[in-house]
Amino acid sequence: MSAVRPFRAIVTVALAFALCFLTLPVVAIFAGTPPGELVASLGDPAALDALSLSLQATLAALAVIVVVGAPAAYALATRSFRGRSAVITLVELPLVLPPAVAGIALLAALGPQGLLGGWLEDAGVRLVFETAGVIVALVFVAAPFFISQAQAAFSAVDRTWLDASRTLGATEARTFLSVMVPSALPGLLSGLALAWGRALGEFGATLIFAGSLSGVTQTAPLAIYELFATDLNAALALSAVLVAISAALLLSVKLVGGRVAPGLLAR
Amino acid sequence: MGARDPLSEEEGAALELGAELRLGAFDLEIELAVPAGCCLALAGPSGAGKSTVLRVVAGLLRPDRGNVRCGEATWLDTEAGIDLPPELRRCGYVFQDYALFPHLRAWQNVAYGPRREVRGRAERRRRAEALLERFGVAHLADAYPRTLSGGERQRVALARALAPRPRALLLDEPLAALDSRTRAAATRELASVLREAEVPTLLVTHDFAEAATLGDTVAVMAEGKLVQRGRAADLAARPVSAFVADLTGAVVLSGVARPGAEGLTLVDLDGGGAIASVDHATGPVTVSVFPWEIALEPPGGSGSARNRLAVEVASVTELGSRVRVGLEGPQPLAAEVTAASARALGLAPGRTVVATWKAAATRLTSS
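Residues numbered from 1 in each chain as written. Chains lettered and ligands numbered in written order. Predicted model: local features only at pLDDT ≥ 70, side-chain atom pairs only at ≥ 80, totals over all residues. Heavy atoms only, no water.

## Comments concerning the packing of aromatic side chains
This structure, assessed with the given rule, holds seven aromatic pairs over all chains. Between Tyr74(A) and Phe154(A), the aromatic rings sit 6.2 Å apart at their centres with planes inclined by 85°, giving edge-to-face as the arrangement. With Tyr74(A) in helix α3 (residues 45-78) and Phe154(A) in helix α7 (residues 131-155), the pair connects residues that are 80 residues apart, well separated along the chain. With a centroid separation of 4.8 Å and 10° between ring planes, the pair formed by Phe290(B) and Trp292(B) is classed as stacked. Accessibility expressed as a relative area gives 12% for Phe290(B), which makes it buried. Owing to a relative accessible area of 47%, Trp292(B) belongs among the partly exposed residues under this scheme. An aromatic cluster is built from Tyr74(A), Phe154(A) and Phe176(A), whose rings are joined through pairwise contacts. For the cation-ring pair, Arg174(A) lies above Tyr112(B), with the distance from its terminal atom to the ring centre recorded as 4.1 Å. The residue whose ring lies beneath Arg160(B) is Phe101(B), and the NZ or CZ to ring-centre distance is 4.6 Å. (Phe/Tyr/Trp six-rings, centres within 6.5 Å; stacked < 30°, edge-to-face > 60°. Helix = DSSP H or I, 4+ residues; strand = E, 2+ residues; numbered from the N terminus. Buried < 20%, exposed > 50% of the residue type's maximum accessible area, 1.4 Å probe, protein only. Lys NZ or Arg CZ within 6 Å of the ring centre and 35° of its normal.)

## Focus: the packing of α3(A) against helix α10 (residues 185-200) of chain A
All names here are of chain A. The interhelical angle for the contact between α3 and α10, taken along N-to-C directions, is 140°, at an axis separation of 10 Å. Classified by the interaxial angle, the pair formed by α3 and α10 is oblique. For the pair α3 and α10, the sense of crossing is right-handed. Side by side, α3 and α10 meet where Ser 54, Thr 58, Leu 59, Leu 62 and Val 66 of the first sit next to Leu 192, Ala 195, Trp 196, Ala 199 and Leu 200 of the second. (Axes fitted to C-alpha atoms, helices over the stretch in contact; angles between N-to-C directions. Parallel < 35°, antiparallel > 145°, perpendicular 65-115°, else oblique. Left-handed = near helix turned anticlockwise from the far one by under 90°. Contact = heavy atoms within 4.5 Å.)

## Points about the environment of Leu207(A)
Residue and element names in this part refer to chain A. With respect to the helices, strands and loops of the structure, Leu 207 is situated in helix α11 (residues 204-210). Separated by 40 residues in sequence, Leu 207 and Ala 247 place their C-alpha atoms 24 Å apart. When residues no more than four places from it in sequence are discounted, the contact partners of Leu 207 are Ser 212 and Leu 222.

## Quick look at the pattern of salt bridges
All names here are of chain B. Per the stated rule, a full pass over the model turns up 19 salt bridges over all chains. Between Arg 126 and Glu 123 there is a salt bridge; the shortest N-O distance is 3.1 Å. In this pair, Arg 126 and Glu 123 are both assigned in helix α5 (residues 121-134), three residues apart and thus about one turn of the helix distant. Given the relative accessible area of 27%, Glu 123 is considered partly exposed. Between Glu 123 and Arg 127 there is a salt bridge; the shortest N-O distance is 3.2 Å. Of the two residues, Glu 123 and Arg 127 are both situated in helix α5; the distance of four residues between them amounts to about one turn of the helix. The partly exposed category is assigned to Arg 127, whose relative accessible area is 41%. In this structure, a network of salt bridges that share partners links the residues Arg 62, Asp 83 and Arg 89. (Salt bridge = Lys/Arg side-chain N within 4 Å of Asp/Glu carboxyl O.)

Nothing here speaks to function; it is all geometry.
Set out below in structure tokens:
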């Protein structure tokens, strides 16, 4: 018989405890929602509107985040310039901002009375109580997740691969697309998943900056909050759908991350 | 490699380089030229700035001042503000760890360079496989780099570097990542590639034997400067300094020279003993002699060789059919003898022998 190993026991108990604590609430959502209720809630146009708005707004936000964030992360990872660490800190700041503060900050910057409010109004851009405002709020809170992951992933790519690409006749742009991005893909995807998860769950900044207008700015989390006041079962049902979507997202990213770059595995 | 490049005039052009650059502890200051079809081997210890030279030529590093010309084309002229990016210089660069793209299969690595010129995936693959075939690794076309051995990676890297028909070849320690068994075959292969190459080649190595085998000429670098340049045999026979002599593999001893009888120079070795050389020198000198010029005799023997030093065997290392014998005397030295004579002498650490060599095999350089 093996001797008693207290540390092994402690580790096992800690893991079991963490697992229970982290999954119990999620399980409880499904336990509290009769399957019939779940299906019925999907027929509710308000819930469906909120879900579809959530998906559209997060996808639009992700597109902006990738198109602007990937090159920005590349610049942070490959260039050395004065104030680089200050820039990195500023870019990461929204990570630690309370969502309500983020919403107020966005209002102060882009709201009708904000810093750029007059300029935006002249340009005919309206954000408050508009879907565009939701997307702005999502980009603001979710972009740093992607940029910091992407920057780490780009930094980890062997510089000589980039040098090799250049000597083989590829411009810096082609090197970025053909060598840098594929080599960093697992890290980019995990950054994307984090950003998407954060955007899907966004609540405070959206509520304060864009409002909670059904069909226009009311995303799934805002709809859940509204339902919670009137119809707990409907709130639970919509929550269950969000859990399913988020879990599917997490799983697919893990699967894709493993499949997408076979040459990169286990190197 | 198919039809001749229409730019063959440029292909046949010489590479000229002059560069000055601050490099941490010392300044890189170098000028060299390599004719078309020739290989200049840059030899020297790690950190001498050899790879930096390659990076400057390829356009991966911009020197503080300098110019790089390949035939008629000016790649870099800091005075005139010309600095072509690496993709327009098109150097075939083989990196020290080969730097194969891990997310691409072997054939895709080779096809990466000529992607613009060659239309269609099937044609690109056909051409890449033809090149891989030339290096005997066509069967690995679909393999990812991480599954290849060192020797296989080296061949894929060479094929990749040659695929876009480079205007110059730059090889950074192309054999250093290989184990000793693979290295001999890889050296022969590389030598034949270099013979066929019509472009100037710069090869960087810390191993003088490799430089001597692969380079038409050898340039020795130390702390950012060229110390000596010439044919390998000339460097070994007439090293300008103890540093070069040491790099070429010679045994290096120190002493003080004075004129001796019969037109010979006598050198009193530091630590005791005296030897003779046909070279002329006075004052403090560095003595260099190749290990294979040194013969070993049992004590008390009387050979014809002029120089005789009583020494003690410190180590015996077999190198194939030859044996390298480390010796402790007034100053450490080493001899290389056949395995047969090592057996006949019963060489083992602790045994006393006499190391002998000719005055004519003894090089002197003033130190």
